[in-house]
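Structural overview for review
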Amino acid sequence: MQHVNVFKFGGASLKDAPAIRHVGNILKTFAQQPLVIVVSAMGKTTNALEDVAHAYWHGRPEEARGKLDRIHGEATAIIDALFQEVPEELTVAVNDLFVSVEWALEESPNAEYDFDYDQIVSLGELLSSHIVASYLTRIGLPSSWLDARDVIQTDNTFREGWVRWPETTERAERLLPPLLQQTKFVVTQGFIGNTSENYTTTLGREGSDYSAAIFSYCLDAEAMSIWKDVPGVLTADPRIFENVSKIDRMSYREAIEMTYYGAKVIHPKTIKPLQNKSIPLYVRSFLEPELEGTFVTDDAGDAYPPMVAVEREQALINISTRDFSFVAEHHIKELFEHITTTRLQVNMMQNTAISFNVVVNDIDDRVQRFCTLVDDQFKTTVDRNLELITVRHYTPEVVESMRRGKVNLLEGRLPLTLQMVVKDVPVMRRKDG
Ligand code: ADP
Ligand code: ASP
Ligand code: MG
């Protein structure tokens, strides 16, 4: 078999019917090669489904049902705009998907929110993949639909499934080649997997890039391309900064460092599977598909301009011993056990004689749960709504510009990386002004 390529299209590239038609036009130029096409949910569907899960879990099934109906209405409008005559199997597949969630909403919530979340939110990718596969077939690009849950097996960590690689690889090697023989294109979902007991899991928000990397790894793909609304990896997020420029080539190492600290253009887990098999990654623009994008590979040079990543919704937890003893190794071990069980993600840490500071992503009630767990031995104070700014290849000018208008609460420097945790300088306004 010819070497397969893996493409991933995110929510922005599939946000409405014209966007899906545009993706179809891009794919026409690749009609000759076997492609696994991994898709996200359309537009902001995942956020809307999160609202459904939230209302359901908080005992408001009617509200959840209303929100689900709205998503169904929007999907139907997109389908009607794409097809003059809607294929029967698409209508059936879409109705089945919504009916299964409607039924779930009639039951009482499960004991675990994360479990219910995954059963509901996974609808987004199942829906978009059915629509895209049918649409491609209709425009003369025969495409098979593959349920990613038949390939990607995870453990039972709902909302953050950990991939079981041997099972996943075996299933990918068995299921994909025959499908790619039948039709050159196989369309499947990003973001979702399955446990060994057959329950749906998700891989973490924005996880579709990672799904594409899992497929690439298992199939020894020739290359993987992720199609974005930016020309490639830029020196900073263009939604936050002006005067950014595109990086033409970058090493896996550089990409992993940038994305880990919040460069949202690539999901941080994406790089490892690609690096492990030396599979090149292209980050390309679906708006300007003729341009080259960014090429991520093993042998990119090591000269980079300063690059900035900003991670928002950070909490700084200051932890000190209640009896004034030093924060010693056994304390740190214990603290990290609690960090692990509450699933806090630590982005930065620093310690003094009697205190330990950690900067974490402030998700759900995890910080509060952690503070309660350690309360008998440690006093904790929490500063919220902070930003973690990471500058790779920093220069004094860039660091200075990052500090403007901010109060710096914590800073760490390594030869190539500078990090600071900041909040906005409080603005004083005259009462008589
Ligand atoms: P997808 O449609 O695949 O979900 P995302 O929206 O997750 O794509 O990622 C693309 C976005 O990432 C861009 O619109 C941009 O605002 C943001 N971004 C953050 N950091 C960078 C960066 N360094 N380079 C390019 N884009 C970035
Ligand atoms: N649809 C999921 C999300 O919005 C996964 C993804 O798009 O990557 O988080
Ligand atoms: Mg996304």
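Refer to the structure presented above.
Residues numbered from 1 in each chain as written. Chains lettered and ligands numbered in written order. Predicted model: local features only at pLDDT ≥ 70, side-chain atom pairs only at ≥ 80, totals over all residues. Heavy atoms only, no water.

**Focus: the overall build of the protein chain**
- Broken down by element type, the protein chain carries 13 helices and 16 strands.
- Since a compact globule built from 433 residues should have a radius of gyration of about 22 Å, the 23 Å found for the protein chain is in line with a globular shape.
- With respect to the three principal axes, the spread of C-alpha positions in the protein chain is 70 × 60 × 55 Å.
- Here the protein chain, with 433 residues, has 52% of them falling under the buried criterion.
- Restricting the contact set of the protein chain to residue pairs at least 6 apart, pairs at least 24 apart contribute 74%.
- As displayed, the protein chain has an accessible area near 20800 Å², and 51% of this comes from carbon and sulfur atoms. (Helix = DSSP H or I, 4+ residues; strand = E, 2+ residues; numbered from the N terminus. Rg over C-alpha atoms; globule rule 2.2 N^0.38 Å. Buried < 20%, exposed > 50% of the residue type's maximum accessible area, 1.4 Å probe, protein only. Contact = heavy atoms within 4.5 Å. Areas by Shrake-Rupley, 256 points an atom, 1.4 Å probe, with all protein chains shown as cover.)

**Regarding the sheet that holds strand S12 (residues 346-351)**
- A sheet is described by the order of its strands in space; here six strands give the open sequence S12-S13-S11-S14-S16-S15, paired in antiparallel fashion. Every other strand in the sheet has two partners, leaving S12 and strand S15 (406-413) as the edge strands with one partner each. Looking at each pair of strands side by side, their axes are set apart by 30 degrees on average, direction ignored.
- Strand direction decides the pairing type here: S12 and strand S13 (residues 355-361), joined by five bridges, are antiparallel. Bridge pairing links Met348 to Val359 in S13.
- Across the sheet, helix H11 (residues 329-341) is in contact with strand S11 (307-321), S12, S13 and strand S14 (378-392); its angle to S12 comes to roughly 160 degrees.
- Against the sheet, helix H13 (residues 396-403) makes contact with S11, S14, S15 and strand S16 (417-424), and its axis sits at roughly 145 degrees relative to S15, the strand it touches most. (Pairing = 2+ DSSP bridges. Axes fitted to C-alpha atoms, helices over the stretch in contact; angles between N-to-C directions.)

**Focus: the sheet that holds strand S9 (residues 281-285)**
- Here we have eight strands laid out as an open sheet, ordered S3-S4-S2-S1-S7-S9-S10-S8, and mixed in their pairing. The outermost strands of the open sheet, each flanked by one partner alone, are strand S3 (143-146) and strand S8 (249-251). Each neighbouring strand pair of the sheet contributes to a mean axis angle of 20 degrees, computed without reference to strand direction.
- Strand direction decides the pairing type here: S3 and strand S4 (residues 185-189), joined by four bridges, are parallel. From the neighbouring strand, Leu146 faces S4, where its bridge partner is Thr188.
- Each of strand S1 (5-9), strand S2 (35-39), S4 and strand S7 (223-228) touches helix H1 (residues 17-28); the most contacted strand, S1, lies at about 165 degrees to it.

**Side note on the site of ligand 1**
- The environment of ligand 1 is formed by 18 residues, the closest being Lys8, Lys228, Asp229, Asp237 and Arg239.
- Between Lys228 and ligand 1, the recorded distance is 2.8 Å, taken from a side-chain N or O atom to an oxygen atom.
- Here an oxygen atom of ligand 1 sits 2.7 Å away from a polar atom, N or O, in the side chain of Arg239.
- Protein chains shield 91% of the accessible area of ligand 1, which is 570 Å² for the free molecule.
- Partitioned by chemical class, the residues of the shell around ligand 1 number eight nonpolar, three polar and seven charged. (Near = heavy atom within 4 Å. Polar contact = N/O pair within 3.5 Å; in protein donor to acceptor, adjacent residues only side chain to side chain. Nonpolar A, V, L, I, M, F, W, Y, C, P; charged D, E, K, R; others polar.)

**A word on the packing of helix H2 (residues 45-57) against helix H5 (residues 113-121)**
- With their axes 9 Å apart at the nearest point, H2 and H5 run at an angle of 135 degrees to one another. With respect to H5, the element H2 is oriented oblique. The crossing of H2 and H5 is right-handed. Here H2 contributes Thr46, Leu49, Glu50, Val52, Ala53, His54, Tyr56 and Trp57 to the contact with H5, which in turn contributes Tyr113, Asp116, Tyr117, Ile120 and Val121. (Parallel < 35°, antiparallel > 145°, perpendicular 65-115°, else oblique. Left-handed = near helix turned anticlockwise from the far one by under 90°.)

**Concerning the site of ligand 2**
- All residues adjacent to ligand 2 are Ser40, Ala41, Thr46, Glu125, Phe191, Arg205, Glu206, Gly207 and Ser208.
- Within the contact set of ligand 2, an oxygen atom lies 2.6 Å away from a side-chain nitrogen or oxygen of Arg205.
- At a separation of 3.3 Å, an oxygen atom of ligand 2 approaches a polar backbone atom of Gly207.
- When the free accessible area of ligand 2 is taken as 260 Å², the share hidden by the protein chains comes to 92%.
- Its residues placed into classes, the shell around ligand 2 shows two nonpolar, four polar and three charged.

**Some details on the pattern of salt bridges**
- Under the criterion given, the structure shown has 29 salt bridges.
- Note that Arg343 is salt-bridged to Asp114, the shortest N-O span being 3.5 Å. Linking Arg343 in the loop between H11 and S12 with Asp114 in helix H5, this pair joins segments that are 229 residues apart in sequence.
- A relative accessible area of 26% places Arg343 in the partly exposed class.
- Asp114 gets classed as buried once you look at its relative accessible area, which sits at 15%.
- Between Asp365 and Arg369 there is a salt bridge whose closest N-O contact spans 3.3 Å. (Salt bridge = Lys/Arg side-chain N within 4 Å of Asp/Glu carboxyl O.)

**With respect to the nonpolar core**
- By size, the foremost hydrophobic cluster in this structure holds 97 residues, and its most contacted members are Leu27, Val36, Ile37, Leu176, Phe215, Met250 and Leu281.
- Ranked by the residues each element gives to this core, the list is headed by helix H6 (residues 123-138), at eight residues.
- Not counting residues within four places of it along the chain, the set of residues in contact with Ile37 comprises Phe7, Phe9, Leu27, Leu136, Phe185, Val186, Val187 and Thr188.
- Of all hydrophobic cores here, the second largest spans 16 residues; its members include Val346, Val360, Val374 and Phe378. (Core = buried A, V, L, I, M, F, W, Y, C linked by side-chain atoms within 4.5 Å.)

**Considering the packing of aromatic side chains**
- All chains considered together, the criterion is met by 14 aromatic pairs.
- Summarising the aromatic geometry, the rings of Phe7 and Phe9 are spaced 6.4 Å apart at their centres and angled 75 degrees between planes, so their arrangement reads as edge-to-face. Across the pair, Phe9 and Phe7 agree in class, each one buried.
- Centroid distance Phe115 to Phe158: 5.0 Å. Interplanar angle 80 degrees. Geometry classified as edge-to-face. Taken together, the positions of Phe115 in helix H5 and Phe158 in the loop between S3 and helix H7 (165-182) put the pair 43 residues apart, joining distant regions of the chain. Neither residue differs from the other here; Phe115 and Phe158 are each classed as buried.
- Three or more aromatic residues link up through ring pairs in this structure, and these residues are Phe7, Phe9, Phe30 and Trp227.
- Directly above the ring of Trp162 sits Lys269, whose terminal nitrogen or CZ lies 4.5 Å from the centroid. (Phe/Tyr/Trp six-rings, centres within 6.5 Å; stacked < 30°, edge-to-face > 60°. Lys NZ or Arg CZ within 6 Å of the ring centre and 35° of its normal.)

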